[in-house]
Amino acid sequence: MVSDEVSSVDFGTKTVTTKSKKSYPYTKLVLASGIPRHLPLPGFQDLSNIFLLRFVTDSRAIMAAVGEKNKKVVIVGSSFIGMEVGTALSRGNDVTIIDPLKAPLERVLGEEVVQDVATVDKATPSPSDPSKVGAVHLKDGTVLPADLVVLGVGVRPATDFLKDNPAISLETDGSLKTDESFALSRLGGDVFAIGDIATYPYHGPGSDHQKGTYVRIEHWDVAQNAGRRVAHTIVRSLAPSQPPKPKSFIPIFLSALGVQLRYCGNTAGGWDSLLLKGEPVNVKFAAYYCKGQTVVAVATVSMDPIMAKSAVLMHRGDMPSKKEIEDGVDVLAVLAVGWSKNK
Ligand SMILES: Cc1cc2nc3c(=O)[nH]c(=O)nc-3n(C[C@H](O)[C@H](O)[C@H](O)COP(=O)(O)OP(=O)(O)OC[C@H]3O[C@@H](n4cnc5c(N)ncnc54)[C@H](O)[C@@H]3O)c2cc1C
């Protein structure tokens, strides 16, 4: 283990150079970095009590700023990090969550599953201590007093050290486009990108089955699966008679939002209808996201086995259709092997 920061990569000589000017030759290189972005707006870079959440140290700093509670907390971003922090701090504090979307988690779950917010203009200092944040201003003129601000605005791939590298071109979001094996194909199969920085072809339900639909997914399970796949590819490449065969996986994530949300699949290829089963009013449901008759993603609350089983069925191409689920087919009763043949 080397405690240093990579500053550049020479893909020609196969050498990684770090900030402390050390060089490391490689045979195979796995790139795996991911860093949250700051809001490039006035006040957000220079005032204190404005936090990102990435490391345990960030979490401790937020808790120290909350202190004895009764704080005005403003959270920017209503996706997973913003909603999880909002849920955790809502007891005993006054929490406001800001996002231009119509509903929290809307991009992932859709409006029907989640049940208001505006865009941010700037942060201004506290009158009592000008070094600290005192308010967040929205573009519509609203001023939200704030003792502390948490930025849950997503991660920006930490690929600045590759920005001007002539051997590769970054995607517009700063990520690296890979093939099915998470390899950067222009670099001869020796360089891989995984996790939050990787845009890779997804072949699950609803995707372009031929070429794959390119996705970048910021979740643990995807980073871990990609890492396993790269390790497998590298090991198999040592036995040239058995060329590496990439194995696909269905993305999964879990989130603690007061209730436990489970999700599998992906909607990058789009979805046009939502089938809700269970008891949504009692916060116990399975939501099936469908594109035509294909179930492309499943979200559950208090029905975890349905998500787990759906992930297996999707992986094998055995997930029941929308109509079959509407007609009462129980996902838990479906045999994963042979189901599609009997349909
Ligand atoms: C607060 C929070 C909560 C989350 N909760 C969930 C959750 O509940 N479920 C879920 O599925 N996902 C969750 N995620 C997302 C998940 O953490 C990421 O998708 C996952 O960690 C991505 O793994 P990674 O290896 O790509 O990047 P990271 O885990 O970010 O690791 C990147 C590493 O690379 C290092 N690095 C960066 N640049 C350089 C450089 N130039 N040189 C050397 N090292 C460098 C960084 O210091 C870091 O150690 C959460 C993320 C956050 C921030």
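Everything numeric in this text was worked out from a predicted model, so none of it was measured. (Residues numbered from 1 in each chain as written. Predicted model: local features only at pLDDT ≥ 70, side-chain atom pairs only at ≥ 80, totals over all residues. Heavy atoms only, no water.)

Enquirer: For this particular structure, what's the right way to read the site of the ligand?
Expert: Around the ligand, the surrounding shell holds 20 residues, and the nearest of these are Val6, Arg54, Asp196, His219 and Trp220. Backbone polar atom of Val6 to a nitrogen atom of the ligand: 2.8 Å apart, as the coordinates give it. In this structure, Leu254 approaches the ligand through a main-chain N or O atom, which is 3.3 Å from an oxygen atom. Within the complex, 72% of the 990 Å² of free accessible area of the ligand lies under protein. Of all the elements in the fold, those that place two or more residues in the shell around the ligand are helix H2 (80-89), helix H4 (220-237) and strand S18 (252-257). (Near = heavy atom within 4 Å. Polar contact = N/O pair within 3.5 Å; in protein donor to acceptor, adjacent residues only side chain to side chain. Areas by Shrake-Rupley, 256 points an atom, 1.4 Å probe, with all protein chains shown as cover. Helix = DSSP H or I, 4+ residues; strand = E, 2+ residues; numbered from the N terminus.)

Enquirer: When you look at the sheet that holds strand S1 (residues 6-10) in this model, what are you seeing that I'm missing?
Expert: Within a sheet, adjacent strands bond to each other through the backbone by hydrogen bonds, running parallel or antiparallel. Read across the sheet, three strands follow the order S1-S2-S3 without closing on themselves; strand pairing throughout is antiparallel. Two strands in the sheet have a free side with no partner beyond their single neighbour: S1 and strand S3 (23-25). On average, adjacent strands in this sheet sit at an angle of 20° to one another, irrespective of strand direction. (Pairing = 2+ DSSP bridges. Axes fitted to C-alpha atoms, helices over the stretch in contact; angles between N-to-C directions.)

Enquirer: What exactly am I supposed to notice about the environment of Lys163 here?
Expert: Topologically, Lys163 is positioned in the loop between strand S13 (155-156) and strand S14 (176-177). Sequence separation of Lys163 and Gly174 is eleven residues, and the distance between their C-alpha atoms is 8.1 Å.

Enquirer: Explain the nonpolar core here, please?
Expert: Note on soluble globular proteins: their nonpolar side chains tend to be buried together. In this structure, Phe11, Leu31, Tyr288 and Met319 are the most contacted members of the largest nonpolar core, which totals 46 residues. Elements that contribute at least two residues to this core include exactly strand S4 (29-31), strand S15 (191-193), strand S16 (198-202), H4, strand S21 (284-291), strand S22 (294-301) and helix H5 (304-316). With five residues, the single largest contributor to this core is H5. Both domain 1 (6-34 + 157-237) and domain 3 (252-342) contribute no fewer than three residues apiece to this core. Formed by 16 residues, the second largest nonpolar core is a distinct cluster that contains Val74, Ile98, Val136 and Leu151. (Core = buried A, V, L, I, M, F, W, Y, C linked by side-chain atoms within 4.5 Å. Buried < 20%, exposed > 50% of the residue type's maximum accessible area, 1.4 Å probe, protein only. Domains from an automatic or database assignment.)

Enquirer: Help me out: how do you make sense of the pattern of salt bridges in this one?
Expert: If charged atoms from side chains of opposite charge come close, those side chains can pair. Within the structure shown, the criterion is met by eight salt bridges. Two residues, Asp196 and Arg54, come together in a salt bridge whose shortest N-O distance is 3.3 Å. For Asp196, a relative accessible area of 13% gives the class buried. By relative accessible area, Arg54 is classed as partly exposed at 34%. It is possible to trace a salt-bridge network through shared partners that takes in Lys14, Lys28 and Asp190. (Salt bridge = Lys/Arg side-chain N within 4 Å of Asp/Glu carboxyl O.)

Enquirer: Honestly, the pairing of strand S10 (residues 133-138) in this entry has me stumped. Any pointers?
Expert: For a regular strand, the rule is simple: side chains alternate between the two faces of the sheet. Burial within S10 is extensive, with six of its six residues counted as buried. Alignment of strand S9 (residues 120-125) against S10, held across five bridges, turns out to be antiparallel. Residue Lys122 lies in a different strand from S10, and its bridge partner there is His137. As paired strands, S10 and strand S11 (residues 143-145) are joined by three bridges and run antiparallel to one another. Counterpart to His137 in the pairing with S11 is Val143. Connecting S10 to the antiparallel partner S11 that follows it, the hairpin turn spans four residues, and Gly141 within it adopts a positive phi of roughly 95°.

Enquirer: When you look at the sheet that holds strand S19 (residues 259-265) in this model, what are you seeing that I'm missing?
Expert: Reading across the sheet, the five strands line up as S18-S19-S22-S21-S20 and stay open at both edges, with antiparallel pairing between neighbours. Looking at strand neighbours, the two that pair on one side only are S18 and strand S20 (273-279), the edges of this open sheet. Put simply, the sheet's adjacent strands are angled 15° from each other on average, direction ignored. The strands that H2 touches are S18 and S19; relative to S18, the one it contacts most, it runs at about 30°. In this fold H5 packs onto S18, S19, S21 and S22, with an angle of close to 155° to the strand it touches most, S22. (Contact = heavy atoms within 4.5 Å.)

Enquirer: Would you mind showing me how to read H5 here?
Expert: Side chains that are three or four residues apart share a direction in an α-helix, a result of its 3.6 residues per turn. For H5, with 13 residues, the first-to-last C-alpha span of 19 Å sits near the 18 Å given by 1.5 Å per residue. Three or more residues of H5 are buried, namely Ile306, Met307, Lys309, Ser310, Ala311, Leu313 and Met314. Each element contacted by the buried residues of H5 is listed here: S18, S19, S21 and S22. (Expected span 1.5 Å × (residues − 1).)

Enquirer: Looking at this model, I keep getting lost on the side chain of Lys322. Mind explaining?
Expert: If you trace the backbone, Lys322 turns up in helix H6 (residues 322-326). Once residues within four sequence positions are removed from consideration, Lys322 is found in contact with Ser273, Leu275, Cys290, Gly292, Gln293 and Val295.

Enquirer: So what exactly am I meant to see when it comes to the side chain of His137 here?
Expert: Note on placement: His137 falls in strand S10. Residue His137 is classed as buried on the basis of its relative accessible area, which comes to 17%. Side-chain polar atoms of His137 contact the side chain of Thr124, separated by 2.7 Å. If near-sequence neighbours (up to four positions away) are discounted, His137 is found in contact with Val120, Asp121, Lys122, Thr124, Thr142 and Val143.

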